[in-house]
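What follows is the residue order along each chain.
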Amino acid sequence: MDKRRFVINLVSNFFSALSGAGISFFLTPYIVSHLGKEAYGFFPLSNNFIMYAGIITTSLNSMSSRYITISLEKKNIKEVNTFFNSVLFGNLLISLFFIIISAIFCLFINNILDIPANLLYDVRLLFIFIFLSLIINVSSAVFSVTAFALNRFDKLAVINIISNVLKLLFIIILFYFFTPRIYFLGVVTVVTALYLFYANYRISKKLLPEIHIDWSFFSKSALTLLIGSGIWNSVLALSNVINTQLDLLVANHFFGASGMGFLSLTKFIPNIIQILLGIIVPIFLPEMLKAYAQNDMDKLKQNLNLSFKAIFLVVLVPLSIFFVYGDKFFGLWLPTQDAHALHILSIITLVPFIVHGTVETVYHVFVITNKLKIASFWGIFIAVFNFILVILLCLYSSLGIYSIPVAAMISGVFSHLTFTPLYASYCLKQSRWYFFIKIIKGLLGFCTLLAVAYGWRKLDLIDIHSWITLILNGLIIGTVLLIITLFMKFDLQTITGMFKKLRQKVNL
(Lines give C-alpha, C1' and ligand atoms only; values in the text may rest on other atoms or scores of the structure.)
Protein backbone atom coordinates (compact mmCIF):
# COMPACT_ATOMS: atom_id res chain seq x y z
CA MET A 1 0.00 0.00 0.00
CA ASP A 2 1.18 3.55 -0.80
CA LYS A 3 1.95 4.76 2.74
CA ARG A 4 1.80 8.45 1.78
CA ARG A 5 -1.61 8.01 0.16
CA PHE A 6 -2.76 5.95 3.15
CA VAL A 7 -1.80 8.69 5.63
CA ILE A 8 -3.41 11.42 3.49
CA ASN A 9 -6.62 9.40 3.17
CA LEU A 10 -6.66 8.56 6.88
CA VAL A 11 -6.08 12.11 8.11
CA SER A 12 -8.50 13.73 5.65
CA ASN A 13 -11.22 11.16 6.42
CA PHE A 14 -10.66 11.69 10.13
CA PHE A 15 -11.22 15.44 9.90
CA SER A 16 -14.22 14.85 7.66
CA ALA A 17 -15.78 12.55 10.25
CA LEU A 18 -14.79 14.86 13.10
CA SER A 19 -16.64 17.77 11.52
CA GLY A 20 -19.82 15.71 11.12
CA ALA A 21 -19.64 14.25 14.63
CA GLY A 22 -18.99 17.71 16.09
CA ILE A 23 -22.21 19.05 14.61
CA SER A 24 -24.20 16.15 16.06
CA PHE A 25 -22.48 16.56 19.44
CA PHE A 26 -23.49 20.21 19.84
CA LEU A 27 -26.83 20.00 18.03
CA THR A 28 -28.35 17.06 19.94
CA PRO A 29 -28.50 18.65 23.44
CA TYR A 30 -29.72 21.92 21.87
CA ILE A 31 -32.65 20.21 20.12
CA VAL A 32 -33.47 18.08 23.17
CA SER A 33 -33.57 21.15 25.43
CA HIS A 34 -35.56 23.33 22.98
CA LEU A 35 -37.84 20.80 21.25
CA GLY A 36 -37.77 17.76 23.56
CA LYS A 37 -36.50 14.22 23.06
CA GLU A 38 -39.77 13.24 21.32
CA ALA A 39 -39.18 15.73 18.48
CA TYR A 40 -35.48 14.86 18.27
CA GLY A 41 -36.26 11.15 17.92
CA PHE A 42 -37.98 11.71 14.57
CA PHE A 43 -34.78 13.01 12.97
CA PRO A 44 -32.73 9.79 13.33
CA LEU A 45 -35.93 7.88 12.49
CA SER A 46 -36.27 9.81 9.22
CA ASN A 47 -32.63 9.03 8.42
CA ASN A 48 -33.38 5.37 9.05
CA PHE A 49 -35.90 5.51 6.21
CA ILE A 50 -33.00 6.41 3.93
CA MET A 51 -31.41 3.15 5.04
CA TYR A 52 -34.63 1.34 4.16
CA ALA A 53 -34.46 2.86 0.68
CA GLY A 54 -30.86 1.73 0.48
CA ILE A 55 -32.06 -1.86 0.30
CA ILE A 56 -33.23 -1.13 -3.25
CA THR A 57 -30.31 1.05 -4.39
CA THR A 58 -27.65 -1.28 -2.98
CA SER A 59 -28.31 -3.95 -5.61
CA LEU A 60 -27.14 -1.53 -8.31
CA ASN A 61 -24.64 0.74 -6.56
CA SER A 62 -22.78 -1.61 -4.24
CA MET A 63 -20.90 -3.44 -6.99
CA SER A 64 -20.33 -0.43 -9.26
CA SER A 65 -17.14 0.50 -7.39
CA ARG A 66 -15.83 -3.05 -7.75
CA TYR A 67 -16.34 -3.28 -11.51
CA ILE A 68 -15.21 0.29 -12.25
CA THR A 69 -12.07 -0.19 -10.13
CA ILE A 70 -11.20 -3.44 -11.88
CA SER A 71 -11.91 -1.89 -15.31
CA LEU A 72 -9.56 1.01 -14.49
CA GLU A 73 -6.93 -1.46 -13.33
CA LYS A 74 -7.21 -3.12 -16.76
CA LYS A 75 -7.11 0.37 -18.39
CA ASN A 76 -10.33 -0.39 -20.26
CA ILE A 77 -11.90 3.09 -20.45
CA LYS A 78 -14.77 1.97 -22.68
CA GLU A 79 -15.78 -0.59 -20.07
CA VAL A 80 -15.50 2.09 -17.36
CA ASN A 81 -17.88 4.34 -19.32
CA THR A 82 -20.28 1.46 -19.84
CA PHE A 83 -20.52 0.64 -16.13
CA PHE A 84 -20.60 4.33 -15.15
CA ASN A 85 -23.47 5.28 -17.45
CA SER A 86 -25.42 2.10 -16.78
CA VAL A 87 -25.36 2.88 -13.05
CA LEU A 88 -26.20 6.55 -13.62
CA PHE A 89 -29.29 5.94 -15.75
CA GLY A 90 -30.34 3.03 -13.57
CA ASN A 91 -30.26 5.32 -10.52
CA LEU A 92 -32.40 7.91 -12.30
CA LEU A 93 -35.09 5.26 -12.87
CA ILE A 94 -34.93 4.25 -9.21
CA SER A 95 -35.34 7.92 -8.23
CA LEU A 96 -38.64 8.11 -10.09
CA PHE A 97 -39.89 5.15 -8.07
CA PHE A 98 -38.84 6.84 -4.81
CA ILE A 99 -40.73 10.01 -5.73
CA ILE A 100 -44.02 8.07 -5.86
CA ILE A 101 -43.38 6.06 -2.67
CA SER A 102 -42.24 9.15 -0.74
CA ALA A 103 -45.37 11.11 -1.71
CA ILE A 104 -47.66 8.32 -0.52
CA PHE A 105 -45.74 7.89 2.76
CA CYS A 106 -45.76 11.61 3.62
CA LEU A 107 -49.48 11.86 2.83
CA PHE A 108 -50.40 9.07 5.28
CA ILE A 109 -47.55 9.54 7.79
CA ASN A 110 -49.89 10.04 10.76
CA ASN A 111 -51.41 6.60 10.08
CA ILE A 112 -47.99 4.95 9.94
CA LEU A 113 -46.15 6.52 12.89
CA ASP A 114 -47.10 7.50 16.43
CA ILE A 115 -46.70 11.30 16.23
CA PRO A 116 -47.85 13.78 18.91
CA ALA A 117 -50.51 16.09 17.43
CA ASN A 118 -48.42 19.21 18.07
CA LEU A 119 -45.55 17.73 16.03
CA LEU A 120 -47.48 16.32 13.06
CA TYR A 121 -46.97 19.29 10.70
CA ASP A 122 -43.25 19.61 11.48
CA VAL A 123 -42.58 15.87 11.25
CA ARG A 124 -44.38 15.63 7.89
CA LEU A 125 -42.22 18.47 6.52
CA LEU A 126 -39.10 16.82 7.97
CA PHE A 127 -39.81 13.59 6.08
CA ILE A 128 -40.61 15.48 2.86
CA PHE A 129 -37.21 17.19 2.93
CA ILE A 130 -35.38 13.99 3.95
CA PHE A 131 -36.95 12.06 1.07
CA LEU A 132 -36.06 14.88 -1.34
CA SER A 133 -32.42 14.63 -0.24
CA LEU A 134 -32.62 10.87 -0.72
CA ILE A 135 -33.74 11.31 -4.34
CA ILE A 136 -30.90 13.75 -4.99
CA ASN A 137 -28.33 11.43 -3.42
CA VAL A 138 -29.54 8.37 -5.31
CA SER A 139 -29.52 10.22 -8.64
CA SER A 140 -25.91 11.33 -8.13
CA ALA A 141 -24.47 8.32 -6.27
CA VAL A 142 -22.22 7.13 -9.10
CA PHE A 143 -20.22 10.39 -9.16
CA SER A 144 -18.44 9.49 -5.92
CA VAL A 145 -17.23 6.16 -7.34
CA THR A 146 -14.42 7.76 -9.37
CA ALA A 147 -12.57 9.03 -6.31
CA PHE A 148 -13.04 5.64 -4.66
CA ALA A 149 -11.71 3.73 -7.67
CA LEU A 150 -8.63 5.98 -7.89
CA ASN A 151 -8.06 5.73 -4.12
CA ARG A 152 -8.55 9.49 -3.66
CA PHE A 153 -10.46 9.42 -0.42
CA ASP A 154 -8.80 12.71 0.49
CA LYS A 155 -10.90 14.38 -2.22
CA LEU A 156 -14.09 12.84 -0.88
CA ALA A 157 -13.10 13.86 2.65
CA VAL A 158 -12.58 17.50 1.64
CA ILE A 159 -16.03 17.49 0.02
CA ASN A 160 -17.55 16.05 3.19
CA ILE A 161 -15.77 18.61 5.37
CA ILE A 162 -17.12 21.46 3.23
CA SER A 163 -20.61 19.92 3.30
CA ASN A 164 -20.45 19.74 7.11
CA VAL A 165 -19.36 23.40 7.27
CA LEU A 166 -22.34 24.28 5.07
CA LYS A 167 -24.57 22.18 7.27
CA LEU A 168 -23.33 23.97 10.40
CA LEU A 169 -23.75 27.37 8.75
CA PHE A 170 -27.34 26.74 7.69
CA ILE A 171 -28.22 25.20 11.06
CA ILE A 172 -26.92 28.28 12.86
CA ILE A 173 -28.85 30.60 10.52
CA LEU A 174 -32.13 28.70 10.78
CA PHE A 175 -32.04 27.95 14.52
CA TYR A 176 -30.71 31.38 15.55
CA PHE A 177 -32.81 33.69 13.38
CA PHE A 178 -36.04 31.65 13.37
CA THR A 179 -38.11 29.79 15.94
CA PRO A 180 -36.49 26.29 16.21
CA ARG A 181 -38.38 23.63 14.26
CA ILE A 182 -37.38 19.99 13.71
CA TYR A 183 -37.94 20.19 9.94
CA PHE A 184 -35.08 22.71 9.69
CA LEU A 185 -32.78 19.68 9.83
CA GLY A 186 -34.50 18.35 6.71
CA VAL A 187 -33.96 21.66 4.90
CA VAL A 188 -30.25 21.53 5.78
CA THR A 189 -30.05 17.93 4.53
CA VAL A 190 -31.42 19.00 1.13
CA VAL A 191 -28.90 21.85 0.88
CA THR A 192 -25.96 19.55 1.64
CA ALA A 193 -27.29 16.91 -0.78
CA LEU A 194 -27.31 19.50 -3.59
CA TYR A 195 -23.75 20.53 -2.74
CA LEU A 196 -22.54 16.90 -2.68
CA PHE A 197 -24.16 16.34 -6.08
CA TYR A 198 -22.32 19.34 -7.54
CA ALA A 199 -18.97 18.64 -5.84
CA ASN A 200 -18.85 14.93 -6.66
CA TYR A 201 -19.73 15.68 -10.28
CA ARG A 202 -16.84 18.14 -10.57
CA ILE A 203 -14.37 15.78 -8.88
CA SER A 204 -15.48 12.95 -11.15
CA LYS A 205 -14.84 15.03 -14.27
CA LYS A 206 -11.50 16.28 -12.92
CA LEU A 207 -10.07 12.93 -11.80
CA LEU A 208 -11.27 10.97 -14.79
CA PRO A 209 -12.03 13.27 -17.74
CA GLU A 210 -12.30 10.19 -19.97
CA ILE A 211 -15.73 9.52 -18.49
CA HIS A 212 -18.58 10.86 -20.61
CA ILE A 213 -22.28 10.93 -19.77
CA ASP A 214 -23.88 9.46 -22.84
CA TRP A 215 -26.92 7.22 -23.33
CA SER A 216 -25.02 5.31 -26.01
CA PHE A 217 -22.83 3.80 -23.24
CA PHE A 218 -25.86 2.45 -21.41
CA SER A 219 -25.84 -1.33 -21.45
CA LYS A 220 -28.62 -3.62 -20.30
CA SER A 221 -26.13 -6.47 -19.96
CA ALA A 222 -23.86 -4.34 -17.73
CA LEU A 223 -26.87 -3.29 -15.66
CA THR A 224 -27.96 -6.92 -15.35
CA LEU A 225 -24.43 -7.92 -14.31
CA LEU A 226 -24.28 -5.21 -11.64
CA ILE A 227 -27.72 -6.00 -10.26
CA GLY A 228 -27.08 -9.74 -10.45
CA SER A 229 -23.87 -9.35 -8.44
CA GLY A 230 -25.30 -6.71 -6.13
CA ILE A 231 -28.64 -8.35 -5.39
CA TRP A 232 -27.02 -10.28 -2.57
CA ASN A 233 -25.66 -7.03 -1.19
CA SER A 234 -29.27 -5.83 -1.14
CA VAL A 235 -30.19 -8.91 0.85
CA LEU A 236 -27.32 -8.10 3.23
CA ALA A 237 -28.56 -4.51 3.39
CA LEU A 238 -32.03 -5.81 4.25
CA SER A 239 -30.61 -7.90 7.07
CA ASN A 240 -28.58 -4.92 8.30
CA VAL A 241 -31.68 -2.72 8.31
CA ILE A 242 -33.67 -5.29 10.29
CA ASN A 243 -30.78 -5.72 12.73
CA THR A 244 -29.84 -2.06 13.29
CA GLN A 245 -32.30 0.36 11.71
CA LEU A 246 -35.71 -0.92 12.76
CA ASP A 247 -35.11 -0.29 16.46
CA LEU A 248 -36.52 3.25 16.48
CA LEU A 249 -39.56 2.14 14.47
CA VAL A 250 -40.18 -0.71 16.92
CA ALA A 251 -39.65 1.66 19.86
CA ASN A 252 -42.15 4.09 18.33
CA HIS A 253 -44.74 1.30 18.06
CA PHE A 254 -44.27 -0.29 21.51
CA PHE A 255 -43.11 2.63 23.65
CA GLY A 256 -44.43 5.69 21.77
CA ALA A 257 -42.60 8.85 20.73
CA SER A 258 -41.11 9.28 24.23
CA GLY A 259 -39.49 5.82 24.33
CA MET A 260 -38.26 6.22 20.77
CA GLY A 261 -36.79 9.63 21.63
CA PHE A 262 -34.92 8.26 24.64
CA LEU A 263 -33.51 5.33 22.65
CA SER A 264 -32.43 7.69 19.87
CA LEU A 265 -30.19 9.55 22.33
CA THR A 266 -28.08 6.40 22.73
CA LYS A 267 -27.37 6.40 18.99
CA PHE A 268 -24.65 9.06 19.21
CA ILE A 269 -21.77 6.84 20.33
CA PRO A 270 -22.65 3.86 18.06
CA ASN A 271 -22.90 6.35 15.19
CA ILE A 272 -19.46 7.73 16.08
CA ILE A 273 -18.08 4.19 16.02
CA GLN A 274 -19.67 3.62 12.61
CA ILE A 275 -18.09 6.87 11.42
CA LEU A 276 -14.67 5.77 12.69
CA LEU A 277 -15.10 2.41 10.93
CA GLY A 278 -16.17 4.37 7.86
CA ILE A 279 -12.84 6.21 8.04
CA ILE A 280 -10.66 3.13 8.33
CA VAL A 281 -12.34 0.39 6.30
CA PRO A 282 -12.77 2.11 2.89
CA ILE A 283 -9.11 3.14 2.85
CA PHE A 284 -8.05 -0.49 2.59
CA LEU A 285 -10.72 -1.65 0.16
CA PRO A 286 -9.24 -0.33 -3.15
CA GLU A 287 -5.87 -1.96 -2.41
CA MET A 288 -7.60 -5.20 -1.43
CA LEU A 289 -9.60 -5.15 -4.68
CA LYS A 290 -6.45 -4.58 -6.70
CA ALA A 291 -4.63 -7.38 -4.89
CA TYR A 292 -7.52 -9.76 -5.59
CA ALA A 293 -7.67 -8.66 -9.25
CA GLN A 294 -3.93 -9.46 -9.50
CA ASN A 295 -4.47 -12.76 -7.65
CA ASP A 296 -1.98 -11.61 -5.00
CA MET A 297 -3.44 -13.27 -1.91
CA ASP A 298 -0.41 -12.47 0.26
CA LYS A 299 -0.87 -8.76 -0.40
CA LEU A 300 -4.61 -9.09 0.27
CA LYS A 301 -3.96 -10.76 3.64
CA GLN A 302 -1.31 -8.16 4.45
CA ASN A 303 -3.83 -5.35 3.91
CA LEU A 304 -6.44 -7.21 5.94
CA ASN A 305 -4.05 -7.61 8.88
CA LEU A 306 -3.02 -3.96 8.71
CA SER A 307 -6.69 -2.93 8.69
CA PHE A 308 -7.35 -5.00 11.84
CA LYS A 309 -4.56 -3.17 13.68
CA ALA A 310 -5.77 0.23 12.46
CA ILE A 311 -9.33 -0.52 13.56
CA PHE A 312 -8.19 -1.58 17.01
CA LEU A 313 -6.12 1.58 17.40
CA VAL A 314 -8.74 4.04 16.13
CA VAL A 315 -11.98 2.40 17.32
CA LEU A 316 -11.48 0.06 20.25
CA VAL A 317 -9.12 2.27 22.25
CA PRO A 318 -11.64 5.15 22.62
CA LEU A 319 -14.44 2.63 23.06
CA SER A 320 -12.73 1.13 26.11
CA ILE A 321 -12.64 4.62 27.68
CA PHE A 322 -16.34 5.14 26.97
CA PHE A 323 -17.26 1.81 28.57
CA VAL A 324 -15.72 3.05 31.83
CA TYR A 325 -16.60 6.75 31.71
CA GLY A 326 -19.81 6.80 29.64
CA ASP A 327 -21.99 7.81 32.59
CA LYS A 328 -19.84 10.90 33.14
CA PHE A 329 -20.12 11.76 29.44
CA PHE A 330 -23.93 11.54 29.34
CA GLY A 331 -24.23 13.42 32.64
CA LEU A 332 -22.40 16.39 31.11
CA TRP A 333 -23.82 16.09 27.60
CA LEU A 334 -27.50 15.61 28.45
CA PRO A 335 -27.90 16.79 32.05
CA THR A 336 -31.71 16.63 31.91
CA GLN A 337 -31.74 12.91 31.01
CA ASP A 338 -30.98 9.70 32.94
CA ALA A 339 -27.21 9.39 32.35
CA HIS A 340 -26.93 5.93 33.92
CA ALA A 341 -29.71 4.45 31.75
CA LEU A 342 -28.25 6.03 28.61
CA HIS A 343 -24.83 4.58 29.48
CA ILE A 344 -26.18 1.06 30.02
CA LEU A 345 -28.26 1.18 26.82
CA SER A 346 -25.21 2.34 24.89
CA ILE A 347 -22.98 -0.42 26.27
CA ILE A 348 -25.53 -3.10 25.36
CA THR A 349 -25.75 -1.64 21.85
CA LEU A 350 -21.96 -1.53 21.50
CA VAL A 351 -21.13 -5.08 22.65
CA PRO A 352 -21.45 -6.52 19.10
CA PHE A 353 -19.08 -3.77 17.89
CA ILE A 354 -16.42 -5.13 20.24
CA VAL A 355 -16.61 -8.54 18.58
CA HIS A 356 -16.81 -7.66 14.90
CA GLY A 357 -14.93 -4.36 15.26
CA THR A 358 -11.69 -6.31 15.63
CA VAL A 359 -12.09 -7.71 12.09
CA GLU A 360 -14.56 -5.26 10.49
CA THR A 361 -12.91 -5.43 7.05
CA VAL A 362 -13.66 -9.15 6.90
CA TYR A 363 -17.15 -8.30 5.63
CA HIS A 364 -15.62 -6.87 2.47
CA VAL A 365 -14.08 -10.26 1.71
CA PHE A 366 -17.52 -11.36 0.52
CA VAL A 367 -17.69 -8.39 -1.86
CA ILE A 368 -14.09 -8.70 -3.07
CA THR A 369 -14.42 -12.41 -3.81
CA ASN A 370 -17.99 -11.87 -5.11
CA LYS A 371 -19.29 -14.63 -2.83
CA LEU A 372 -22.33 -12.94 -1.39
CA LYS A 373 -25.10 -15.49 -1.85
CA ILE A 374 -24.55 -17.63 1.25
CA ALA A 375 -23.58 -14.58 3.33
CA SER A 376 -26.85 -12.95 2.30
CA PHE A 377 -28.94 -15.95 3.31
CA TRP A 378 -27.22 -16.02 6.68
CA GLY A 379 -27.79 -12.29 7.09
CA ILE A 380 -31.51 -12.73 6.49
CA PHE A 381 -31.64 -15.63 8.97
CA ILE A 382 -29.97 -13.54 11.69
CA ALA A 383 -32.15 -10.52 10.87
CA VAL A 384 -35.37 -12.55 11.18
CA PHE A 385 -34.07 -14.16 14.38
CA ASN A 386 -33.28 -10.71 15.79
CA PHE A 387 -36.67 -9.27 14.78
CA ILE A 388 -38.61 -12.15 16.33
CA LEU A 389 -36.53 -11.91 19.50
CA VAL A 390 -37.15 -8.15 19.74
CA ILE A 391 -40.92 -8.60 19.40
CA LEU A 392 -41.00 -11.41 21.96
CA LEU A 393 -38.96 -9.41 24.49
CA CYS A 394 -41.08 -6.29 23.96
CA LEU A 395 -44.30 -8.25 24.43
CA TYR A 396 -43.44 -10.68 27.20
CA SER A 397 -40.38 -9.48 29.12
CA SER A 398 -40.06 -6.78 31.78
CA LEU A 399 -37.02 -5.25 30.09
CA GLY A 400 -38.99 -2.38 28.56
CA ILE A 401 -36.93 -0.24 26.18
CA TYR A 402 -33.88 -2.40 27.01
CA SER A 403 -35.51 -5.25 25.04
CA ILE A 404 -34.43 -3.73 21.73
CA PRO A 405 -30.64 -3.48 22.28
CA VAL A 406 -30.55 -6.76 24.23
CA ALA A 407 -32.06 -8.68 21.29
CA ALA A 408 -29.60 -7.01 18.88
CA MET A 409 -26.71 -7.88 21.18
CA ILE A 410 -27.63 -11.57 21.36
CA SER A 411 -28.14 -12.01 17.61
CA GLY A 412 -25.15 -9.84 16.67
CA VAL A 413 -22.62 -11.58 18.91
CA PHE A 414 -23.89 -15.00 17.82
CA SER A 415 -23.43 -14.13 14.15
CA HIS A 416 -20.01 -12.51 14.59
CA LEU A 417 -18.67 -15.52 16.48
CA THR A 418 -19.97 -18.22 14.16
CA PHE A 419 -20.73 -17.73 10.48
CA THR A 420 -18.77 -14.56 9.65
CA PRO A 421 -15.23 -15.76 10.53
CA LEU A 422 -15.86 -19.27 9.20
CA TYR A 423 -17.22 -18.21 5.80
CA ALA A 424 -14.62 -15.45 5.35
CA SER A 425 -11.90 -18.05 5.94
CA TYR A 426 -13.53 -20.29 3.35
CA CYS A 427 -13.70 -17.45 0.78
CA LEU A 428 -9.98 -16.74 1.21
CA LYS A 429 -9.12 -20.46 1.38
CA GLN A 430 -7.61 -20.10 4.83
CA SER A 431 -7.77 -22.25 7.95
CA ARG A 432 -11.16 -22.10 9.64
CA TRP A 433 -9.36 -20.71 12.71
CA TYR A 434 -7.70 -17.87 10.79
CA PHE A 435 -10.20 -15.15 11.74
CA PHE A 436 -11.23 -16.76 15.05
CA ILE A 437 -7.68 -16.33 16.32
CA LYS A 438 -7.68 -12.67 15.31
CA ILE A 439 -11.07 -12.09 17.00
CA ILE A 440 -9.87 -13.76 20.21
CA LYS A 441 -6.68 -11.67 20.20
CA GLY A 442 -8.75 -8.54 19.60
CA LEU A 443 -11.13 -9.36 22.47
CA LEU A 444 -8.27 -10.13 24.85
CA GLY A 445 -6.64 -6.86 23.87
CA PHE A 446 -9.86 -4.93 24.48
CA CYS A 447 -10.34 -6.58 27.89
CA THR A 448 -6.79 -5.52 28.79
CA LEU A 449 -7.56 -1.91 27.88
CA LEU A 450 -10.84 -2.09 29.77
CA ALA A 451 -9.10 -3.39 32.92
CA VAL A 452 -6.48 -0.61 32.77
CA ALA A 453 -9.15 2.09 32.25
CA TYR A 454 -11.27 0.71 35.10
CA GLY A 455 -8.22 0.55 37.39
CA TRP A 456 -7.47 4.18 36.55
CA ARG A 457 -11.03 5.19 37.48
CA LYS A 458 -10.80 3.33 40.79
CA LEU A 459 -7.72 5.42 41.67
CA ASP A 460 -10.01 8.49 41.40
CA LEU A 461 -7.11 10.89 40.92
CA ILE A 462 -9.18 13.37 38.90
CA ASP A 463 -12.55 14.64 40.09
CA ILE A 464 -14.65 14.68 36.91
CA HIS A 465 -17.22 17.45 37.24
CA SER A 466 -16.80 19.40 33.99
CA TRP A 467 -15.90 18.95 30.32
CA ILE A 468 -12.36 20.16 31.04
CA THR A 469 -11.75 17.50 33.69
CA LEU A 470 -13.40 14.80 31.56
CA ILE A 471 -11.24 15.68 28.54
CA LEU A 472 -8.08 15.93 30.68
CA ASN A 473 -8.79 12.53 32.20
CA GLY A 474 -9.52 11.09 28.75
CA LEU A 475 -6.23 12.41 27.36
CA ILE A 476 -4.22 10.89 30.19
CA ILE A 477 -5.80 7.43 30.15
CA GLY A 478 -6.07 7.56 26.35
CA THR A 479 -2.31 8.12 26.03
CA VAL A 480 -1.64 5.19 28.37
CA LEU A 481 -3.97 2.91 26.40
CA LEU A 482 -2.46 4.07 23.11
CA ILE A 483 1.04 3.11 24.26
CA ILE A 484 -0.22 -0.27 25.49
CA THR A 485 -1.95 -0.85 22.13
CA LEU A 486 1.21 -0.01 20.16
CA PHE A 487 3.16 -2.65 22.07
CA MET A 488 0.30 -5.18 21.78
CA LYS A 489 -0.27 -4.77 18.05
CA PHE A 490 3.15 -3.84 16.62
CA ASP A 491 6.59 -5.39 17.03
CA LEU A 492 9.42 -3.46 18.67
CA GLN A 493 11.20 -2.81 15.37
CA THR A 494 8.08 -1.22 13.86
CA ILE A 495 7.48 0.93 16.95
CA THR A 496 11.13 2.06 16.98
CA GLY A 497 10.90 2.97 13.30
CA MET A 498 7.70 4.93 13.91
CA PHE A 499 9.30 6.96 16.73
CA LYS A 500 12.43 7.62 14.64
CA LYS A 501 10.33 9.01 11.80
CA LEU A 502 8.31 11.09 14.26
CA ARG A 503 11.49 12.50 15.83
CA GLN A 504 12.86 13.37 12.40
CA LYS A 505 9.66 15.24 11.52
CA VAL A 506 9.76 17.14 14.83
CA ASN A 507 13.42 18.09 14.31
CA LEU A 508 12.55 19.42 10.86
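Residues numbered from 1 in each chain as written. Predicted model: local features only at pLDDT ≥ 70, side-chain atom pairs only at ≥ 80, totals over all residues. Heavy atoms only, no water.

A.B. asks: Explain the confidence of the model for the chain to me, please; I cannot follow it from the model alone.
C.D. replies: Detailed reading of the predicted model is not advised wherever pLDDT is low. In this model, the chain carries a mean pLDDT of 81, and residues with pLDDT of at least 70 account for 88%. Summarising per-element confidence for the chain, the mean pLDDT is lowest in helix α21 (residues 492–507) (55) and highest in helix α20 (residues 467–489) (91). (pLDDT = per-residue confidence, 0-100. Helix = DSSP H or I, 4+ residues; strand = E, 2+ residues; numbered from the N terminus.)

A.B. asks: How do you make sense of the packing of aromatic side chains when you look at a structure like this?
C.D. replies: Each aromatic ring pair is summarised here by two numbers: the centre-to-centre distance and the angle between the ring planes. One pass over the full model with this rule turns up 33 aromatic pairs. Here F25 and W333 contribute two aromatic rings whose centre-to-centre distance is 6.0 Å and whose plane-to-plane angle is 10 degrees, an arrangement assigned as stacked. In this pair, F25 sits in helix α1 (residues 3–35) while W333 sits in helix α13 (residues 297–333), placing the two residues 308 residues apart along the sequence. Note on accessibility: F25 and W333 belong to one class, buried. For the ring pair F330 and W333, a centre distance of 6.1 Å and an interplane angle of 45 degrees mean the geometry is tilted. Taken together, the positions of F330 and W333, both in helix α13 and three residues apart, correspond to about one turn of that helix. One aromatic cluster is present, built from ring pairs that chain together F25, F26, F268, F322, F329, F330, W333 and W467. (Phe/Tyr/Trp six-rings, centres within 6.5 Å; stacked < 30°, edge-to-face > 60°. Buried < 20%, exposed > 50% of the residue type's maximum accessible area, 1.4 Å probe, protein only.)

A.B. asks: Can you help me understand the side chain of N386 in this one?
C.D. replies: Counting through the fold element by element, N386 comes out in helix α16 (residues 373–396). In terms of polar contacts, N386 uses its side chain to reach the side chain of S411, at 3.3 Å. (Polar contact = N/O pair within 3.5 Å; in protein donor to acceptor, adjacent residues only side chain to side chain.)

A.B. asks: Just to check I follow, could you spell out helix α19 (residues 434–459) for this structure?
C.D. replies: Structurally, the α-helix is built with 3.6 residues per turn, so residues lying three or four positions apart point the same way. Given a rise of 1.5 Å per residue, 26 residues ought to cover 38 Å, and the 39 Å separating the end C-alpha atoms of α19 matches this to within 8%. Within the span of α19, buried status applies to Y434, F435, F436, I439, G442, G445, F446, L449, A453 and W456. The secondary structure elements touched by the buried residues of α19 are α13, α14 (339–356), α17 (403–416), α18 (419–427) and α20. Looking one or two places after α19, you find D460, whose phi comes out positive at around 55 degrees. (Expected span 1.5 Å × (residues − 1). Contact = heavy atoms within 4.5 Å.)

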